[in-house]
Amino acid sequence: MHGEKLKLKIISLFCLLFVPACTLETEEQNGKIIFLSGEVSVNNRKAEPGGIIKSGDTVKTGQNASCEIVFSDKSVIKIYENTETILDVPEQRIHLKIGAIASVIKKLSDEDHRYTIKTPTSVAGVRGTIFVINTRDENDSYICVCNGTVDISDSDGKNKKSV
């Protein structure tokens, strides 16, 4: 009986010391909704200001709706109306199914490290850039680079071009 109490104390101590540290590390990799207007959902649930965006979450906006998400590196994306996107936060990838997003991406120092935006027709590799990307349908994407450089290729990763 005394041995079981000791085991319980050790397990409790482990949980107190290590579980919060794991939770903090995970929270740093998430995004946070800092603004929203209109109908916005995360995984088909109503989104709220201050809501956490985790890797794999699907964010959808309705007519006349938008939201802004900030990440731990202070990069921000704005998701415009009638948009559906899936965010892979730790890998810094965004899958834009349809609609439009604008991004202000913090300059990344590692040459091999970049945000990647995938649409049905293109892939954009981003490093330290302000840009807008709009996917109108499965055959048409529009990219406007406001500052910096975006490396673009077709959806197969061929026909690369810097804009």
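Our subject in this report is the structure included herewith. (Residues numbered from 1 in each chain as written. Predicted model: local features only at pLDDT ≥ 70, side-chain atom pairs only at ≥ 80, totals over all residues. Heavy atoms only, no water.)

**A few points about the overall build of the chain**
Link 1 in the chain: Within the chain, the secondary structure is distributed over 1 helix and 13 strands.
Link 2 in the chain: Here the chain holds 163 residues, and the buried ones make up 33% of them.
Link 3 in the chain: Carbon and sulfur atoms provide 54% of the accessible area of the chain, an area that totals close to 10100 Å². (Helix = DSSP H or I, 4+ residues; strand = E, 2+ residues; numbered from the N terminus. Buried < 20%, exposed > 50% of the residue type's maximum accessible area, 1.4 Å probe, protein only. Areas by Shrake-Rupley, 256 points an atom, 1.4 Å probe, with all protein chains shown as cover.)

**Topic: the pattern of salt bridges**
A side chain of one charge can pair with a side chain of the opposite charge when the charged atoms of the two come close.
Link 1 in the chain: Applying the stated criterion across every chain, the model contains 1 salt bridge.
Link 2 in the chain: With a shortest N-O distance of 3.6 Å, Lys97 and Glu84 are connected by a salt bridge. Of the two residues, Lys97 sits in strand β9 (residues 93-104) while Glu84 sits in strand β8 (residues 84-88), which places them 13 residues apart along the sequence.
Link 3 in the chain: According to the relative accessible area criterion, Lys97 is partly exposed, its value standing at 37%. (Salt bridge = Lys/Arg side-chain N within 4 Å of Asp/Glu carboxyl O.)

**Notes on the pairing of strand β7 (residues 76-79)**
Link 1 in the chain: Only one face of β7 is buried: it carries Ile77 and Ile79, and the other face, with Val76 and Lys78, is open.
Link 2 in the chain: Where strand β6 (residues 66-71) meets β7, 4 bridges bridge the pair, whose relative direction is antiparallel. The residue bridging Glu68 from the neighbouring strand is Lys78, located in β7.
Link 3 in the chain: Taken together, β6 and the strand that follows it, β7, pair antiparallel across an intervening segment of 4 residues, in which Lys74 is found at a positive phi of about 75°.
Link 4 in the chain: In this sheet, β9 lies alongside β7 in antiparallel orientation, the contact comprising 4 bridges. Paired with Ile77 across the two strands is Ser103, which belongs to β9. (Pairing = 2+ DSSP bridges.)

**Some thoughts on the environment of Arg93**
Link 1 in the chain: Turning to its location among the elements, Arg93 is positioned in strand β9.
Link 2 in the chain: Through-space distance from the C-alpha of Arg93 to that of Thr116 is 4.7 Å; in sequence the pair is 23 residues apart.
Link 3 in the chain: Those residues in contact with Arg93, other than ones at most four positions away along the chain, are Ile86, Leu87, Asp88 and Thr116. (Contact = heavy atoms within 4.5 Å.)

**Some remarks on the nonpolar core**
Link 1 in the chain: By size, the foremost hydrophobic cluster in this structure holds 25 residues, and its most contacted members are Val59, Ile69 and Leu87.
Link 2 in the chain: Looking at this core, the elements with two or more residues in it are β2 (40-42), β6, β7, β9, β10 (115-118), β11 (122-137) and β12 (140-154). (Core = buried A, V, L, I, M, F, W, Y, C linked by side-chain atoms within 4.5 Å.)

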